[in-house]
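# Residue-level structure breakdown
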Amino acid sequence: LPSANPPPPPPPPPLHPSRPLPPSPCLPPSSPSPLPSPSLLLINTPVESVIMKFGIAACLLLTTIVSVNARKCNTCWLTSLQCSAVKPISSTDSGASPVATSSCIFGYSDGTYSNEDPENGLEPLVFNIPIKTGCGLKSYTDPSSPFYYCNKTATSTNSKIKFGQINKLDASTMAATCTKVGVCTLSATGDSVYFSNNVGYTATIPFISDKGMKVFAIVYIDDPSTAGDVQMVELTVPKLDSKTGNVSSWKSVSVIDSVYSSSAKGVYQPAGGSLTPWCTAIGGEKVPVSQDILQFFSNKAPLPTEMNYGWVTESRVEIDYSASVIKRYALGRIQATATFAMPDKKTVYLSDGSVVYMFVSKLVKDLRNGTLYAANFSKETVKWVKLNSMNESDMIKEISSTPTISFSNYWEGSAYLDATAKSCNTGYKRVFTDQTQCWRPKSAKDKYACLLYPKDCAMFKGATYNLSGVTGFAYNMDDKGATGKELGLNKFFISFSTVSTDMQTSLGGSSVVRPCGSVYMFTIGKVDNCTLLNANCDDATKATSAKSPYTSYALNSYKVDIVNGLPLDTDRSKCEPSLPSQPSYIHFASYHNTLFIADGGSLHESNHVWLLDFSGQGRPFVPTSIFRAPRGSMIEGVSWMNNLVGDGRSYLSISVGSGPQPGFIGYLGPFTLKGYNAGSYDMLTNIGCPIRGEQDYLYDATKYVDKLS
């Protein structure tokens, strides 16, 4: 890599599709380019069958490809992927090992495909696992333990703790004798440490400093039997040996930090993570009951309360390579199952599984002050309701100065007007937390009522509150395309683990009950005071309000069932193995027209990661499995990492855990991008990633807006 602090270079020729590109001979073809060989298209499904399986939305999108102001390319980039399929697990397969696709054909923006060039220089696709739970400390050499496979890496991985370690953090006593169930005795007194297999979401973050390039993984350990943790692992990225032509593997260097011990109140079962455009990981946490607080947080003084948990967290790599996790109180106590920050670095989507929220901060990259909204979905249209605004310092003061916080501190109740019909007096409505009577926020506590109890406030103010299993958000920030055929430009996606009868009734329109889940696609646009739900503005007020939108990244319409699972005809308790099942994490590879979907639940024999092509040049909405997790394990995260360290290679990160075997983080790749040159620092979504050291000339542009005190 070049020096981390070079003089400012002359303006380079445009390489990344997010910048305007000059005219070139690579004009979009006037007719569709020939598809790759049918043997690599994987599923030769007639259009009629596609429409039958994937519904009206697929029909509309297959038959109506809107002409756009397509970019022209000087150096072309990857616009589609057609990969060999991973088969469902068979009855004769133990399913103990993960399986990944081994070959893909890359489509490029000039209409060519990688298989048309026998000397394309593409490297073989490999799935690497740099670390599994239980690995990490040099002294850990017990061959009889369930983590015996760590022995080969233990001598080179010098860590403070072991990956997945919960509850015991004293590295000096880590010589352990372990049982086969993951409990290791540390001393004659019977002290023990627990290794969780519940590896959750992973954010992979590059860091450029005067010492060169480092790569860190911030990993959620979401263990239902413990408080969980957020840990950070330093990794080495594969490199090409120019002499031999061989490529090294992903490896772990060290398990660096754990917020279980370092955070003032700790975190509780982190979940729903995503990488922000400013290179931090945001996610949610669950709320422990009082007994769990006594069990897991008795070392905290004063003893925490339930109100210390359930908040949005922001995890990041600090300038000294340590990890920190910060509670973001201004976003509300949502217990988020899904999160996503938009490219404006102000708009953040959140969900508790039943409600979709939108937080708009006052300042870019700063989640300490802003306004929370909730979405109303009806007949393919989205309207927003304002819940309230909050400053983080005000919320911290409120929860720290109130010894016992309860629902009735912030909401006042009134008996039903008609107990049978459950109708309410004027000004009162039914809410989620307590349905024995009607409620409304107390006037003196309205500001806090909606942020401490956001689901109740959303229900009270008319938002949709009965969505069934919101599990993932994704966004394609490409708004122009490369060929004019793309189908997902500037679109937002939401995955639902199921579409229940209540959800279908609430949404109406073309929504359909889907026990095996679905993915919806949304358009985005501006929202202002006069476009909120039930707004009543005259024309003059509308014109004025339109000049000051709250955000330009608000959901405003949607199509259902862009892809969905289907129950088996022979067993309605299982899902069709050739389609996604109860989708959980999703991720869109912007500019590369690819949506990745991870299975959730247990309605497949094993869970898969699926690829959907939105290029308009392949077979859109016919999913292809490109990864299969070990039997019984869950896929807890999937992320596309564009040109991660500036060497022209991209990777797909996959987190696997919650199963009988050790959990792990893994990387599929490299996907070599024809439109990127080695040494380019335009790596992820924008200048906010990678993180820059203090000596780097781009440090001021990428540094965090709030330093740790």
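A brief report on the enclosed structure follows. (Residues numbered from 1 in each chain as written. Predicted model: local features only at pLDDT ≥ 70, side-chain atom pairs only at ≥ 80, totals over all residues. Heavy atoms only, no water.)

Right, let's get into the overall build of the protein. Regarding its fold elements, the protein presents 12 helices and 35 strands. Expressed as a percentage of contacts within the protein between residues at least 6 apart in sequence, the contacts between residues at least 24 apart total 64%. Counting every atom, the protein has about 27,800 Å² of accessible surface; 53% of that belongs to carbon and sulfur. (Helix = DSSP H or I, 4+ residues; strand = E, 2+ residues; numbered from the N terminus. Contact = heavy atoms within 4.5 Å. Areas by Shrake-Rupley, 256 points an atom, 1.4 Å probe, with all protein chains shown as cover.)

Once that is clear, we can look at the side chain of Ser 495. Checked against the element boundaries, Ser 495 lands in strand 25 (residues 491-496). Classification of Ser 495 by relative accessible area gives buried; the value is 0%. Here the side chain of Ser 495 touches Thr 471 through a polar contact of 2.9 Å, side chain to side chain. A polar contact is formed between the side chain of Ser 495 and the backbone nitrogen of Gly 472, at a distance of 2.9 Å. Excluding residues within four positions of it along the chain, Ser 495 makes contact with Gly 469, Val 470, Thr 471, Gly 472, Ser 518, Val 519, Pro 583, Ser 584 and Ile 586. (Buried < 20%, exposed > 50% of the residue type's maximum accessible area, 1.4 Å probe, protein only. Polar contact = N/O pair within 3.5 Å; in protein donor to acceptor, adjacent residues only side chain to side chain.)

With that out of the way, let us pick up the packing of aromatic side chains. Counted by the stated rule, this structure contains 34 aromatic pairs. For the ring pair Phe 377 and Tyr 558, a centre distance of 5.9 Å and an interplane angle of 70° mean the geometry is edge-to-face. Residue Phe 377 is found in strand 20 (residues 366-378), and its partner Tyr 558 is found in strand 27 (residues 551-564); the two are separated by 181 residues along the sequence. Taken as a pair, Phe 377 and Tyr 558 share a single burial class, namely buried. Among the aromatic side chains, those forming a connected cluster through ring pairs are Phe 340, Tyr 349, Trp 384, Phe 473, Tyr 475, Phe 492 and Tyr 553. The ring of Phe 460 carries the charged tip of Lys 429 above its face, separated from the ring centre by 5.6 Å. (Phe/Tyr/Trp six-rings, centres within 6.5 Å; stacked < 30°, edge-to-face > 60°. Lys NZ or Arg CZ within 6 Å of the ring centre and 35° of its normal.)

All right, on to the state of the cysteines then. Scanning all chains against the criterion turns up 5 disulfides. Two residues, Cys 450 and Cys 457, share a disulfide whose sulfurs are 1.9 Å apart. Its S-S torsion of approximately 55° makes the covalent link between Cys 450 and Cys 457 right-handed. Residue Cys 457 is classed as buried on the basis of its relative accessible area, which comes to 0%. Here Cys 530 pairs with Cys 537 through a disulfide, and the sulfurs are 2.2 Å apart. (Disulfide = S-S within 2.5 Å.)

A separate point is helix 9 (residues 454-461). The buried count for helix 9 comes to 7 of 8 residues, which makes it a mostly enclosed element. Every buried residue belonging to helix 9 is among Pro 454, Lys 455, Asp 456, Cys 457, Ala 458, Met 459 and Phe 460, and all of these are buried. Downstream of helix 9 by one or two residues, Gly 462 has phi in the positive range, about 100°.

For the rest of this paragraph, the subject is unusual backbone geometry. Here the bond from Gly 669 into Pro 670 is cis, since omega is 5°, no more than 30 degrees from zero. Of note in this structure, Lys 422 is not a glycine but carries a positive phi near 55°. Mapped onto the elements of the fold, Lys 422 is located in the loop between strand 22 (411-414) and strand 23 (438-441). A relative accessible area of 36% means that Lys 422 is categorised as partly exposed. At Asp 561, a residue that is not glycine, the phi angle is positive and equals roughly 55°. Assignment of secondary structure puts Asp 561 in strand 27.

Turning our attention to the sheet that holds strand 29 (residues 594-598). Across the sheet, which stays open at both edges, the 5 strands sit in the order 2-31-30-29-28 with antiparallel pairing between neighbours. The sheet is open, and its two borders are formed by strand 2 (99-100) and strand 28 (586-589), each paired with just one other strand. Sheet analysis places strand 29 next to strand 30 (residues 608-613), joined by 5 bridges and oriented antiparallel. Considered in strand 30, the bridge of Ile 597 is made with Trp 610. (Pairing = 2+ DSSP bridges.)

Our next topic: the pairing of strand 21 (residues 381-391). Bridging between strand 20 and strand 21 involves 10 bridges; their strand directions are antiparallel. Bridge pairing links Ala 375 to Trp 384 in strand 21. Hairpin remark: strand 20 followed by strand 21, antiparallel, with 2 residues in the connecting loop; positive phi at Lys 379, about 50°.

Another aspect to go through is the side chain of Glu 234. Residue placement: Glu 234 occurs in strand 11 (residues 229-236). Given a relative accessible area of 14%, Glu 234 falls into the buried group. Excluding residues that lie within four positions of it along the chain, Glu 234 makes contacts with Lys 214, Val 215, Phe 216, Lys 251, Ser 252, Val 253, Ser 254 and Ile 256.

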